[in-house]
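# Architecture at a glance
One-letter residues, chain by chain:
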Amino acid sequence: MTTASDDAALRPTPISQQPLQGKKALVVGIANKDSIAFGCARAFRAFGADLSITYLNDKTKQFTAPLAAALDVEDALFLPCDVREPGQITAVFKAIEETWGKLDILLHSIAFAPRDDLHGRVTDCSLDGFLQTMDISVHSLIRMVRKAEPLMKDGGTILTMSYFGGEKVVPHYGIMGPAKAALEASARYMAYELGEKGIRVNVVSPGPVMTRAASGIDRFDELLAQTKERSPARRLVTAEEVGMATAALACDFAGIVTGETLYMDGGYNIMAG
Ligand code: NAD
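Residues numbered from 1 in each chain as written. Predicted model: local features only at pLDDT ≥ 70, side-chain atom pairs only at ≥ 80, totals over all residues. Heavy atoms only, no water.

Let's shift gears to the site of the ligand. Lining the immediate surroundings of the ligand are 27 residues, of which Ser35, Ser162, Lys180, Val209 and Thr211 lie closest. Lysine 180 is positioned such that a nitrogen or oxygen atom in its side chain is 2.8 Å from an oxygen atom of the ligand. One of the side-chain nitrogen or oxygen atoms of threonine 211 is found 2.6 Å away from an oxygen atom of the ligand. Summarising the interface, the protein chains cover 93% of the accessible area of the ligand, which totals 820 Å² for the free molecule. (Near = heavy atom within 4 Å. Polar contact = N/O pair within 3.5 Å; in protein donor to acceptor, adjacent residues only side chain to side chain. Areas by Shrake-Rupley, 256 points an atom, 1.4 Å probe, with all protein chains shown as cover.)

A separate point is the sheet that holds strand S1 (residues 24–28). Across the sheet, which stays open at both edges, the seven strands sit in the order S3-S2-S1-S4-S5-S6-S7 with parallel pairing between neighbours. Of all strands in the sheet, those with a lone pairing partner are strand S3 (78–80) and strand S7 (261–264), marking the two edges. Neighbour-to-neighbour, the strand axes of the sheet open up by a mean angle of 20°, direction not taken into account. Of the pairings in the sheet, the one linking S1 to strand S2 (residues 50–55) comprises four bridges and is parallel in character. Each bridged residue has a counterpart across the sheet, and for alanine 25 the counterpart in S2 is leucine 51. (Pairing = 2+ DSSP bridges. Helix = DSSP H or I, 4+ residues; strand = E, 2+ residues; numbered from the N terminus. Axes fitted to C-alpha atoms, helices over the stretch in contact; angles between N-to-C directions.)

Here the focus is helix H7 (residues 220–230). Looking only at H7, the buried set comprises Phe220, Leu223, Leu224 and Thr227. Seen along its axis, H7 keeps its buried residues to an arc of 100°; they face one direction. Looking at H7, the residues exposed on the side facing more than 90 degrees away from the buried face are Asp221 and Glu229. (Buried < 20%, exposed > 50% of the residue type's maximum accessible area, 1.4 Å probe, protein only. Arc of directions from axis to C-beta.)

With that settled, the discussion passes to the layout of surface pockets. One way to see where empty space is left: roll a probe the size of a water molecule over the atoms. What the largest pocket holds in volume is close to 1,200 Å³. Lining of the largest pocket is provided by 44 residues; of these, Ser109, Ile110, Ala111, Phe112 and Ala213 occupy positions nearest its centre. Size it by volume and the second largest pocket reaches roughly 330 Å³. Val170, Pro171, Leu223, Gln226 and Tyr268 are, among the 19 residues lining the second largest pocket, the residues nearest its centre. Classifying every residue of the lining of the second largest pocket by side-chain character gives 10 nonpolar, four polar and five charged. (1 Å grid on protein atoms, 1.4 Å probe; cavity = no way out; pocket = protein on both sides within 12 Å on 5 of 7 lines; lining within 4 Å. Points joined across faces, edges and corners; volume = space filled by probe spheres on them. Nonpolar A, V, L, I, M, F, W, Y, C, P; charged D, E, K, R; others polar.)

Tallied over the entire structure, the rule returns 14 salt bridges. The residue aspartate 34 makes a salt bridge to lysine 33 at a minimum N-O spacing of 3.5 Å. Relative accessible area serves as the criterion here: at 59%, lysine 33 is assigned to the exposed category. Close ionic contact of lysine 197 with glutamate 149 constitutes a salt bridge, the shortest N to O distance being 2.5 Å. With a gap of 48 residues between them, lysine 197 in the loop between helix H6 (176–194) and strand S6 (199–206) and glutamate 149 in the loop between helix H5 (127–148) and strand S5 (156–161) connect regions that are remote in the sequence. (Salt bridge = Lys/Arg side-chain N within 4 Å of Asp/Glu carboxyl O.)

Geometric values such as these leave the question of function open.
Shown next, in the form of structure tokens:
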């Protein structure tokens, strides 16, 4: 007699130790070893993915190059990408097409706002500062997704980094708050538009992590202390932890998750105040 436990269809589906083996991932936003994008890239690589990494410009290349080497990135796939420089996004995707012929994962982990606009009130934000913030922090994702779409022939996963300040008012987060709100809404619309092609678009929303970008936010140390005190986990998240959870989200076994904003913040976002 056959028992339920003999039926192969009822057995747990085996999961590889390297669930991203054979996947090709582009990571944009590694400035240095503290970058959230580096935490993600390390996890993608640990899960078996092959990586392409970008750096901002010749001045910053020296900080990113050793990290690319540690992640086994081929020279042809370690490229400059300042999203405001015409042609650089196109060149990155062309190199990926020529080298890999496809793309499975795109991680967009960049943001920028001019200092005066970031430190001032949203009420006082200049038009130029607003446009620059939205261009680099939001529209760059749209431009990259447009390039990724034809390369994600077998479906794919797109991930971008947001913060709770896009949903609720976080003092001193300033114009980045409206930018993150626009980023999250753009991701949801693209998730809808690309879903039938098997392309997932998700937003990761980490708690505060001390990085170069974060150091530009006024009174960031207070935000760190407050998060630590008030979050259910009673501690801060690390870039490495964000990386591991983001890599899990990129795996096929998370294939039904799209259009979401996933908090990786020790539960801070569930608290009333
Ligand atoms: P980071 O300074 O390490 O990374 C920011 C990246 O943006 C850098 O690699 C920088 O080169 C890139 N960038 C800026 N202008 C660019 C341009 N014109 N073209 C291309 N790249 C450009 O800081 P991070 O904290 O790792 O930031 C990564 C993402 O995570 C950002 O979207 C940030 O808003 C988000 N985030 C950060 C935190 C935090 O507390 N650090 C929390 C939640 C979300």
